[in-house]
Amino acid sequence: LEFRRVLFRSDAAGYATERATFREAGAEARDVRAAYITDTWFTVLGAHTELGRLPDASALDSAVVSRAFAAKISAGALASVIGRAFTLGGHNWQIIGVLPESFSVVDKADVWMAARSATALSPTSVGDVRSYLLVARVKSGVSMTDAQSVTARAVVDAVPDNQKANYRPLLKPDRKSTRLNSSHT
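Residues numbered from 1 in each chain as written. Predicted model: local features only at pLDDT ≥ 70, side-chain atom pairs only at ≥ 80, totals over all residues. Heavy atoms only, no water.

1. Here we look at the pairing of strand β6 (residues 91-98)
Here is step 1: In terms of burial, β6 is a largely internal element, 6 of the 8 residues being buried.
Here is step 2: Pairing of strand β3 (residues 51-52) with β6, which is carried by 2 bridges, proceeds in the antiparallel orientation. Residue pairing in the sheet places Leu 51 in a bridge with Val 98 of β6.
Here is step 3: In this sheet, β6 lies alongside strand β4 (residues 62-65) in parallel orientation, the contact comprising 4 bridges. From the neighbouring strand, Val 65 faces β6, where its bridge partner is Val 98.
Here is step 4: Summarising the sheet, strand β5 (residues 85-88) and β6 pair through 4 bridges and their orientation is antiparallel. (Buried < 20%, exposed > 50% of the residue type's maximum accessible area, 1.4 Å probe, protein only. Helix = DSSP H or I, 4+ residues; strand = E, 2+ residues; numbered from the N terminus. Pairing = 2+ DSSP bridges.)

So this is what it looks like as structure tokens:
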């Protein structure tokens, strides 16, 4: 991780989003926007919760939800969502926090979970394909080429261990930023 300290002002963080089915016992299944995040996601963004807490590196089965989604599944009693269990993508999760209404990053996700805990999706039986967007502040004097190289290595943190052998990073510059897509080989 030394290379990140050399190139970035803060750690790099990444996420991928997709539509998924949120299932709770005794409730109707819901279509949600799910975000799979690296361990550093909320720290890099300086985020905090309105209720509960943010996941840490040991919280593999924990999730936080947006305020809007918490209100939707709790009829407005936000605190009642803390501790609730649900299934998404064949994995069991528990809600540990509610993000404030002001939290919005690129996509408005309903549920945020650790990327390394998310199972592979195979809607077409060809394997899992996800694009991870990475966020970092590059230090003054660091070239975009060096930043792209570091970004390519950072995807390893975002991909679940059981999927790493099947992924290769594809870098696409996005104006003065680097966008990283990882796709199944």
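2. Concerning the nonpolar core
Here is step 1: In this structure, Phe 22, Val 65, Phe 86, Leu 88, Val 111 and Met 113 are the most contacted members of the largest nonpolar core, which totals 20 residues.
Here is step 2: Leave out the neighbours within four places in its chain, and Val 65 touches Ala 70, Val 81, Ile 95, Gly 97, Val 98, Leu 99, Asp 110 and Val 111.
Here is step 3: Formed by 14 residues, the second largest nonpolar core is a distinct cluster that contains Tyr 15, Trp 41, Phe 42 and Ala 47. (Core = buried A, V, L, I, M, F, W, Y, C linked by side-chain atoms within 4.5 Å. Contact = heavy atoms within 4.5 Å.)

3. So, the packing of aromatic side chains
Here is step 1: Here the structure, examined in full by the defined rule, presents 8 aromatic pairs.
Here is step 2: Measuring from ring centre to ring centre gives 5.4 Å for Phe 103 and Trp 112, while their planes differ by 75°; the resulting arrangement is edge-to-face. Summarising the burial analysis for this pair, Phe 103 and Trp 112 share the class buried.
Here is step 3: Each residue in the set Tyr 15, Trp 41, Phe 42, Phe 103 and Trp 112 is aromatic and connected to the rest through ring pairs, giving one cluster. (Phe/Tyr/Trp six-rings, centres within 6.5 Å; stacked < 30°, edge-to-face > 60°.)

4. A short note on the pattern of salt bridges
Here is step 1: Taken as a whole and assessed by the stated rule, the structure comprises 3 salt bridges.
Here is step 2: Here Arg 84 ties to Glu 24 by a salt bridge, and the two come within 2.8 Å at their closest N and O atoms. Of the two residues, Arg 84 sits in the loop between α3 (67-74) and β5 while Glu 24 sits in the loop between β1 (13-23) and β2 (30-37), which places them 60 residues apart along the sequence.
Here is step 3: The class for Arg 84 is partly exposed, based on a relative accessible area of 22%.
Here is step 4: Residue Glu 24 is classed as buried on the basis of its relative accessible area of 13%. (Salt bridge = Lys/Arg side-chain N within 4 Å of Asp/Glu carboxyl O.)

5. As for the layout of surface pockets
Here is step 1: Each pocket or cavity is described by its volume, and for the second largest pocket that value is around 240 Å³.
Here is step 2: At 5 residues, α3 tops the list of elements feeding residues into the lining of the second largest pocket. (1 Å grid on protein atoms, 1.4 Å probe; cavity = no way out; pocket = protein on both sides within 12 Å on 5 of 7 lines; lining within 4 Å. Points joined across faces, edges and corners; volume = space filled by probe spheres on them.)

6. A word on unusual backbone geometry
Trans peptide bonds make up most of the peptide bonds, and negative phi angles are found at most residues other than glycine.
Here is step 1: Positive phi, close to 50°, is recorded for Ala 75, a residue that is not glycine.
Here is step 2: Locating Ala 75 in the fold gives a position in the loop between α3 and β5.
Here is step 3: Residue class for Ala 75 comes out exposed when judged on its relative accessible area of 78%.

7. Some details on the confidence of the model for the protein chain
The predicted coordinates ought not to be read in detail in places where the model reports low pLDDT.
Here is step 1: The predicted model of the protein chain has a mean per-residue pLDDT of 76, with 64% of residues at 70 or higher.
Here is step 2: When pLDDT is averaged over each element of the protein chain, β3 comes out on top at 97 and strand β10 (residues 177-184) at the bottom at 43.
Here is step 3: Across residues 121-126, confidence stays below pLDDT 50; counting only partners more than four residues off in sequence or on other chains, it has 7 contacts.
Here is step 4: Every residue in residues 177-185 scores below 50 in pLDDT, and together they form 51 contacts with partners more than four places removed in sequence or on other chains. (pLDDT = per-residue confidence, 0-100.)

8. Digging into the environment of Gly 14
Here is step 1: As for its placement among the helices and strands, Gly 14 is situated in strand β1.
Here is step 2: A relative accessible area of 0% means that Gly 14 is categorised as buried.
Here is step 3: Sequence separation between Gly 14 and Ala 115 is 101 residues; the distance between their C-alpha atoms is 9.0 Å.

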